[in-house]
Amino acid sequence: MLIELLIAAIKVIAVLVTVLSLAVVLLWFERKGSALIHDRIGANRAAITGLGARMGIPNLGFINTALADPIKMFTKEDIVPEGADHFLHTLAPFLALFPVLITFAVIPFGDTLKVGGMSINLQAADLNVGLLYILATIGIGVYGIALGGWASNNRWALLGAIRASAQMISYELPLGLAIIAVVMTYGTLDLQVIVRGQGGVWFGWLPRWGVMLQPVAFILLMTAGMAESKRVPFDLPESESELIAGYFTEYSGGKQAAFMLTDFAEVILVAALVTTLFFGGWQVPYLYPDGFHLPGGAFLALPNAAVAIFGVIAFMIKLVAFCWLQTLIRFTLPRFRYDQLMRLGWKGLVPLGLLNVLATAFVVVAFGGPH
Amino acid sequence: MPLWLFGFLAALSIVSALGVILQANPVHSLLALVMTLLAVAVLFIGLGAVTLGFIQAIVYAGAIMILFLFVIWLLNLQAEAGIAGGRLARRFFGAIAAAALMGELFAILSRAPSGGNLEAPAGYGSIHNLAMLLFSDYLVAFEVTSLLLLAAVVGSIALARRPAGARDGAVAPPRAAGSR
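Calculation rules
Residues numbered from 1 in each chain as written. Chains lettered and ligands numbered in written order. Predicted model: local features only at pLDDT ≥ 70, side-chain atom pairs only at ≥ 80, totals over all residues. Heavy atoms only, no water. Helix = DSSP H or I, 4+ residues; strand = E, 2+ residues; numbered from the N terminus. Rg over C-alpha atoms; globule rule 2.2 N^0.38 Å. Buried < 20%, exposed > 50% of the residue type's maximum accessible area, 1.4 Å probe, protein only. Contact = heavy atoms within 4.5 Å. Lys, Arg positive; Asp, Glu negative; His and termini not counted. Charge placed at Lys NZ, Arg CZ, Asp CG, Glu CD. Buried area = accessible area lost by both parts, 1.4 Å probe. Salt bridge = Lys/Arg side-chain N within 4 Å of Asp/Glu carboxyl O. Polar contact = N/O pair within 3.5 Å; in protein donor to acceptor, adjacent residues only side chain to side chain. Nonpolar A, V, L, I, M, F, W, Y, C, P; charged D, E, K, R; others polar. Pairing = 2+ DSSP bridges. Domains from an automatic or database assignment.

A. The overall build of chain A, seen in detail. Counting its regular elements, chain A contains 14 helices and seven strands. Rg of the C-alpha trace for chain A: 22 Å, near the compact-globule value of 21 Å for 371 residues, within the 12% margin. If one aligns the C-alpha atoms of chain A with their principal axes, the spans along those axes are about 65 × 60 × 50 Å. Burial statistics for chain A: of 371 residues in total, 52% are counted as buried. Once local pairs closer than 6 in sequence are excluded, the contacts in chain A between residues at least 24 apart make up 76%. Averaging the locations of the 22 positively and 22 negatively charged side chains of chain A gives two centres separated by 6 Å.

B. Examining the interface of chain B and chain A more closely. Listed by partner, the interface residues are 21 residues for chain B and 24 residues for chain A. Of the roughly 1,800 Å² buried where chain B meets chain A, counting both sides, 86% is carbon and sulfur surface. It is L31, F54 and W73 of chain B in chain B that bury the most area against chain A; as a group they hold 32% of the surface buried on that side. Where chain B meets chain A, there are zero salt bridges. Applying the counting rule to chain B against chain A returns two residue pairs in polar contact (both at pLDDT 80 or more). Here the side of chain B that touches chain A is composed, by residue class, of 17 nonpolar, four polar and no charged.

C. View of the sheet that holds strand β5 (residues 287-288) of chain A. Residues and elements named next belong to chain A. An order of β5-β6-β7 is seen for the three strands of this open sheet, with the pairing classed as antiparallel. If you trace the sheet from one side to the other, it starts and ends with β5 and β7 (299-301), each paired once. Direction of pairing for β5 relative to strand β6 (residues 291-293): antiparallel, over a ladder of two bridges. Residue pairing across strands places Y288 opposite G291, the latter belonging to β6.

D. Representation of the pairing of strand β2 (residues 118-121) of chain A. All names here are of chain A. Two elements, strand β1 (residues 112-115) and β2, share four bridges in a ladder whose sense is antiparallel. From the neighbouring strand, T112 faces β2, where its bridge partner is N121. Between β1 and β2, which follow one another and run antiparallel, lie two residues, and G116 among them has a positive phi close to 50°.

E. Molecular detail of the domain arrangement of chain B. Parsing chain B into structural domains produces domain 1 (1-80) and domain 2 (126-160). Domain 1 of chain B and domain 2 of chain B are separated by 24 Å when their C-alpha centres are compared.

Given below as structure tokens:
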């Protein structure tokens, strides 16, 4: 009993620490990666105590920026504007961050690990309605943004909040429709079962990843997910050329950092969802519970621990790859206009999602369902 | 569900429900209502109605309350403003309505079976069982409800849409009779 509690606690802490440290990596990528794409030098002044250069230590780049940025943000003055709703102004950033962080509980990051006669499911919360849980937490995430903008007593912030909530509830629909198609394909709401269903190969070489069965749902989920995370090209809620900074105009210091962290955590969440539903989660191509079965017929036996570790590494690589893809899109595309955003959501993605559900239903009925 | 958890959630939902009616600021009331809905959703999940609990969180807490928020913003509701009638009349009718509701609740709850085995049967409230019921026994009711909702959506769009050619703020020219 005690050891089970301990394992659960370790899993929870490991997931949270991974997400938060990945957010810091993304923050650095936002500085240096954007510079790379824009052909600039980027942040290059962060050197620890300035002694590094004199002592011949090269600029530590990532570590410097990753340390300097959070320290800078958390030591800045926290200002609450006059006439603002103090209570909600303080609560809102954390109301935005909390639902995103708890969503990671149901994301499986590895297969079962067997240690000393115990099998540990590498997933923080083994929930058989995991996808419903994700939809619920995404729905609750709107409040932090909406109330933050309202409580600031600033027109730009309120406009940003209205835009954000309209955008987020509009794009929840295609997100849900994409998820429904996946559920119909695998016949379950359990994310770990969906990932297991993506093991093995077709034709002896093609991994059975979900994107092969549901390419439309993948595009829908990726697009709607990026719109949910409110980043370029969907950053109308904060579009700085129109609304100063939108819903977080009146935020500074640690509270603003919490809003930024929410953005990065949402990017990681979208990457985790895409990985889990469409790219096999922790599945490594040709890796089975007993080892590698390569297409040529070669076989390499591996112990359970090695297989589990390979799975976790594979999940992390896919996760980072999709975070990178989203950052690339963020620095490549211009912002949508608001009517374009709404047209894309309601006249483009929602009908496409409905058609995809209909087509999936036909295929499931005609060729036999997942059961 | 352990008793302490049930007690905690029940207390939380009652306290936040009191917050809905006792606060002057409509946005604070709304936030308290969201908390009530979420606490009740977790109660549902703990009592075996897993799907119902999550749907309450998704539909009510996640979507309908956001629309409430929009209504509060768009109507620009201020604290305790816009309620017709005097304080005394309001309290009088409020007390009558509350007493009637209490009486009804008491009448129903006193007839409820007490004690015995209150454990939910296996699979109760699971998404599979719920879907089986919805798409077999209650199929007609389910489809009629969805048609009703569709009609409401189409109706609201028809009411809200601008006549073709009208600009923002411009008053639409009166149509000649029979031009449609």
